[in-house]
Amino acid sequence: MLNWLLKKLPPRQREKALDYLVLTRMDRPIGALLLLWPTWWALWLAAGDFPPWKLLIIFTLGVFAMRAAGCAINDYADRKLDPQVARTAGRPIASGRVTPREALLVFAVLLMFAFVLVLFTNRLTIELSFAGAALAALYPFSKRYTHLPQVVLGAAFGWSIPMAFAAVTNTVPPLGWLLFIGNILWSTVYDTEYAMVDREDDLKAGAKSTAILFGDADLPILGMLMGTFLLAMLFVGQRAHLGWPYWLALLLAAGLFGYQLWLIRARAREACLTAFRHNNWLGLVVWIGIVLALAVR
C-alpha cells in the first residue's frame, strides 16, 4: 500500500519517504488503533453521545501523529539496542537507512503538528498536552531504568483520555481518571504480551520489561491485570450509567481476554504477537458497547 501511494515519486525520494513511513510505523497501524480506541471511549463518554465533529477529527489526527512521533523517538532511544534483537534489527535506524538526527527531526515535526491541532481546543487541553508530550518522550528511555516501561506506555497512550474530557467538558471528572487507570491496566496487558516476544533477546541486551519482571508468573499476573481492567471498566459503566450493550461488550471482552491467555499458554513468540494484535478487537468491542449504550439510554 505504501509503495503504491509513493509510486509517483522519483526512486531515491520514494525510498527515503518509505523509510520515514516505516520509522513511524505507518505500515503497521495496530499501535495507532490501540491508542485510538481509548481516545474514542473518552470522547463518547465525555460527550454523552456522538462527540463534536471538530474534536473527533482533531483527536483522531492527533492519535496518529503522536503514535508516529512516539515510534520515531522510540527507535532513536533504541538505536543501539535494536540491532541486537532479531525482530527489530531491520528497522530504519538500526539498519542505517535513517540517521538518528533525521529521527529526531521527524519526532519534532510530528510533535509540532500535534500541538497545532491542540491549539484548536481549549486552555486546559493545551496545558494537559505538555504532560502528554513529556510522557511520550519519556517512555522509550524508561526501559533502561525500570522494569515497568509498559506502565509508562499505558500512561503515555492513555493521556489522550483526560485531554478528551478536558476538550469536551473543560474539566476532567473522576470518570475520566477512572478510564485513564483502566487504560493503563489494559496497555500493560497488551504491551507485556508484546514484550514476551522479545524476552530472550531483551535479557541478552540488558533491556527491562514487565515480561522479564513477571518471569514464570507472567500468565497468572496477566490474568489478574485483565480482571482488574474489567473491574475498572465495570466501575466506568456504573458511573456513566451505561445500559445493557456496554455490559454485553464487557462480557465479550472477558471472552477475548480468555482467548488471549489460551493463545500464549506455551509462550510461543508468534502466539504472543498474535495475542498482542488481538487487543484491537477488544478495544473495538468496548467502543461499540459504549456507543450503543449511549444511543439507547
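A quick note: this is a predicted structure, and the numbers were derived from the prediction, not measured.

It is not clear to me how the nonpolar core should be interpreted in this structure. Could you clarify?
As a rule of thumb, nonpolar side chains are buried together in soluble globular proteins. Within the largest apolar cluster, 78 residues are counted, with the highest numbers of intra-cluster contacts made by W41, L45, L179, F229, M233, Y246 and I290. Setting aside its immediate chain neighbours within four residues, W41 contacts L179, W186, F229, M233, G283, V286, W287 and I290.

Would you mind showing me how to read the environment of S160 here?
Here S160 is to be found in helix α8 (residues 160-169). As a C-alpha pair, S160 and F180 span 20 residues in sequence and 8.7 Å in three-dimensional space. In contact with S160, other than residues within four places in its own chain, are L35, T39 and F59.

Would you take a moment to explain the pattern of salt bridges for this structure?
Side chains that differ in charge, positive against negative, can pair when their charged atoms come close. Using the criterion set out here, one finds six salt bridges in the structure. Here R25 and D75 are joined by a salt bridge, their closest N and O atoms 2.8 Å apart. Remark: D75 occurs in helix α4 (residues 53-77) and R25 occurs in the loop between α2 (11-23) and α3 (30-47); sequence separation between them is 50 residues. D75 gets classed as buried once you look at its relative accessible area, which sits at 1%. Taking the shortest distance from any N to any O, the salt bridge between D218 and R267 comes out at 2.8 Å.

Explain the side chain of D218 to me, please; I cannot follow it from the model alone.
With respect to the helices, strands and loops of the structure, D218 is situated in helix α12 (residues 218-239). What makes D218 buried here is its relative accessible area of 0%. A polar side-chain atom of D218 sits 2.9 Å from a polar atom in the side chain of R199. Once you skip the residues sitting within four places of it in the chain, D218 turns out to touch M196, R199 and R267.

What's the story with the packing of helix α13 (residues 244-263) against helix α14 (residues 269-296) in this structure? I'm lost.
When two helices pack together, their arrangement is given by the angle between the helix axes and the distance between those axes. It is at 8 Å that the axes of α13 and α14 come closest, and there the two elements cross at 175 degrees. By the angle between their directions, the pair α13 and α14 is classed as roughly antiparallel. For the contact of α13 with α14, a count of residues per class yields 19 nonpolar, five polar and no charged.

I'm lost on the packing of aromatic side chains in this one. Help?
We describe a pair of aromatic rings using the distance from one ring centre to the other and the angle between the two ring planes. What the rule picks out here adds up to 20 aromatic pairs. Consider the rings of W37 and W40, whose centres lie 5.8 Å apart with planes at 80 degrees: the pair is edge-to-face. With W37 and W40 both in helix α3 and three residues apart, the pair spans about one turn of that helix. For the pair shown, W37 and W40 are each scored as buried. Grouped by ring-pair contacts, the aromatic residues W41, W186, Y190, Y194, F229, F257 and F276 constitute a single cluster. Just above the ring of Y76 sits the side chain of R79; from NZ or CZ to the centre is 4.2 Å. When the ring centre of W262 is taken as reference, the NZ or CZ atom of R265 above it lies at 4.0 Å.

Honestly, α8 in this entry has me stumped. Any pointers?
Along an α-helix, residues three or four positions apart point the same way, because every turn accommodates 3.6 residues. Burial analysis of α8 places eight of its ten residues in the buried class, the great majority of the element. Buried within α8 we find S160, I161, P162, M163, A164, F165, A166 and A167. Elements in contact with the buried residues of α8: α3, α4, α5 (100-118), α6 (123-142), α7 (149-158) and α9 (174-197).

Please clarify how unusual backbone geometry should be interpreted in this entry.
One can expect most non-glycine residues to show negative phi and most peptide bonds to be in trans. Positioned with a positive phi, N170 is a non-glycine residue whose angle comes to about 65 degrees. Within the secondary structure, N170 sits in the loop between α8 and α9. At R267, a position not held by glycine, the phi torsion is positive, near 60 degrees. Residue position: R267 is located in the loop between α13 and α14. For R267, a relative accessible area of 32% corresponds to the partly exposed category.

Rules used in this analysis
Residues numbered from 1 in each chain as written. Predicted model: local features only at pLDDT ≥ 70, side-chain atom pairs only at ≥ 80, totals over all residues. Heavy atoms only, no water. Core = buried A, V, L, I, M, F, W, Y, C linked by side-chain atoms within 4.5 Å. Buried < 20%, exposed > 50% of the residue type's maximum accessible area, 1.4 Å probe, protein only. Contact = heavy atoms within 4.5 Å. Helix = DSSP H or I, 4+ residues; strand = E, 2+ residues; numbered from the N terminus. Salt bridge = Lys/Arg side-chain N within 4 Å of Asp/Glu carboxyl O. Polar contact = N/O pair within 3.5 Å; in protein donor to acceptor, adjacent residues only side chain to side chain. Axes fitted to C-alpha atoms, helices over the stretch in contact; angles between N-to-C directions. Parallel < 35°, antiparallel > 145°, perpendicular 65-115°, else oblique. Nonpolar A, V, L, I, M, F, W, Y, C, P; charged D, E, K, R; others polar. Phe/Tyr/Trp six-rings, centres within 6.5 Å; stacked < 30°, edge-to-face > 60°. Lys NZ or Arg CZ within 6 Å of the ring centre and 35° of its normal.

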